[in-house]
Amino acid sequence: MLQIHQFPCLEDNYGFLAHDTESGATATIDTPDAAEILRQADLKGWRITDVWNTHWHPDHAGGNAEIKAKTGARVTGPAEVERIGTAPDRIVADGDVVRLGGYEARVVDVGGHTLGHIAYVLDTENVGFVGDALFAMGCGRLFEGTAEQMWASLSRIAALPDDATLYCAHEYTLSNARFALAIDPDNAALQARVDYVKALRAAGKPTVPMTLSVEKATNPFLRAPLLKAAIGMPNAQDWEAFGEVRLRKDNFK
Ligand code: ZN
Ligand code: FE
């Protein structure tokens, strides 16, 4: 069985440990906070054998060195992770397969937030770790890539099964919801979801993970093609509409 343990860390990050009960292999998806990740693994009685990085940002790969030093874990990630100090033991790219005990994750290129950003998709479990590519009702800022690249990346995530469970790396949901309501005000599914996530947060509960079908119905970035008229770009390409929605979010107060 594959168990996934999720816990908050830093300001608004989530840590994730994926554990194969059979072999004992345990991966930390990214290393936002080494001390907290090691503590959570201890609480579970799990020994971290692998680090799977999604992208090079310090709140994702900054704890690699400490976790590797304390556990001997093997670091897998995109080449760009070198930027925070040491290269991954195994550099992976789109289409590669990464093993965790008896489980396999497929590497999917989701570049845009950073150029080399990847997601890890466990098809048999119908689960994806999407880092800072897609958030609940949001998506990552375009720090390095273009709107066209990011739209292609989000489309790869959207091509997963509708009932796929997506783990994103930040609890940004309430602030994303404000923008989503502003740009897509007549969306009843969105209104209902916002009420639901407000209740979750008020109860101190996470809004992560998400279900892909819910994102498709409520996430204004995935819905950009349907918002063309609303944003005054009826004849735009899908990626151009996405780029405009992203720009409006960047400037949203
Ligand atoms: Zn990031
Ligand atoms: Fe991040």
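Our subject is the structure listed above.
What this report covers is the structure whose coordinates are included nearby. (Residues numbered from 1 in each chain as written. Chains lettered and ligands numbered in written order. Predicted model: local features only at pLDDT ≥ 70, side-chain atom pairs only at ≥ 80, totals over all residues. Heavy atoms only, no water.)

### Overview of the coordination of the iron ion (ligand 2)
Spelled out, the test is: Nitrogen, oxygen and sulfur within 2.8 Å of a metal are treated as its donors, or within 3.2 Å for sodium, potassium and calcium (Na, K, Ca); water is not counted, so a site can appear incomplete. Working rule for geometry: tetrahedral if four donors all subtend angles between 85 and 135 degrees; square planar for four, octahedral for six, if opposite donors exceed 155 degrees and the others stay between 65 and 115; irregular in every other situation. Classification of residues uses two cut-offs on accessible area relative to the type maximum, computed with a 1.4 Å probe and protein chains only: under 20% is buried, over 50% is exposed, and between them is partly exposed.
Here the iron ion (ligand 2) is held by the protein donor atoms D59 (OD), H60 (NE2), D132 (OD) and H170 (NE2), which lie 2.0 to 2.4 Å from it. With 4 donor atoms in place around the iron ion (ligand 2) and angles of 82 to 169° between them, the coordination shape is irregular. Read from N- to C-terminus, the donor residues coordinating the iron ion (ligand 2) fall into the pattern D-H-x71-D-x37-H. A gap of 3.1 Å separates the iron ion (ligand 2) and the zinc ion (ligand 1), which D132 links by coordinating each metal. Residue H60 is classed as buried on the basis of its relative accessible area of 0%.

### Brief notes about helix 5 (residues 173-183)
Rule in force here: For the purposes of this entry, the term helix denotes a DSSP run of H or I that reaches at least four residues, the term strand denotes a run of E that reaches at least two, and both are numbered from the N terminus. Throughout, a contact is declared for two residues whenever any of their heavy atoms are within 4.5 Å.
Residues T173, N176, A177, F179, A180 and I183 constitute the buried set of helix 5. At its buried positions, helix 5 is contacted by strand 11 (134-135), strand 12 (138-139), helix 6 (188-202), helix 7 (212-218) and helix 8 (238-250).

### Here we look at the sheet that holds strand 14 (residues 210-211)
Our working definition: Strands are treated as partners if at least two bridges between them are detected by DSSP.
Ordered by their spatial adjacency, 6 strands build an open sheet running 7-8-9-10-13-14, and the pairing between neighbours is mixed. What marks the edges here is a single partner per strand, and that holds for strand 7 (97-100) and strand 14.

### Overview of the coordination of the zinc ion (ligand 1)
Taken together, H55 (NE2), H57 (ND1), H113 (NE2) and D132 (OD) make up the full set of protein donors to the zinc ion (ligand 1), lying 2.2 to 2.3 Å away. Considering all 4 donor atoms around the zinc ion (ligand 1), the spread of angles at the metal, 85 to 173°, places the coordination shape in the irregular class. Look at where the donors of the zinc ion (ligand 1) fall in the sequence and you get H-x1-H-x55-H-x18-D.

### Things to note about the pairing of strand 5 (residues 74-77)
As defined by bridge partners, strand 4 (residues 50-52) adjoins strand 5 across 3 bridges and the pair is classed as parallel. From the neighbouring strand, V51 faces strand 5, where its bridge partner is V75. Strand direction decides the pairing type here: strand 5 and strand 6 (residues 90-91), joined by 2 bridges, are parallel. Bridge pairing in strand 6 links G77 to I91.

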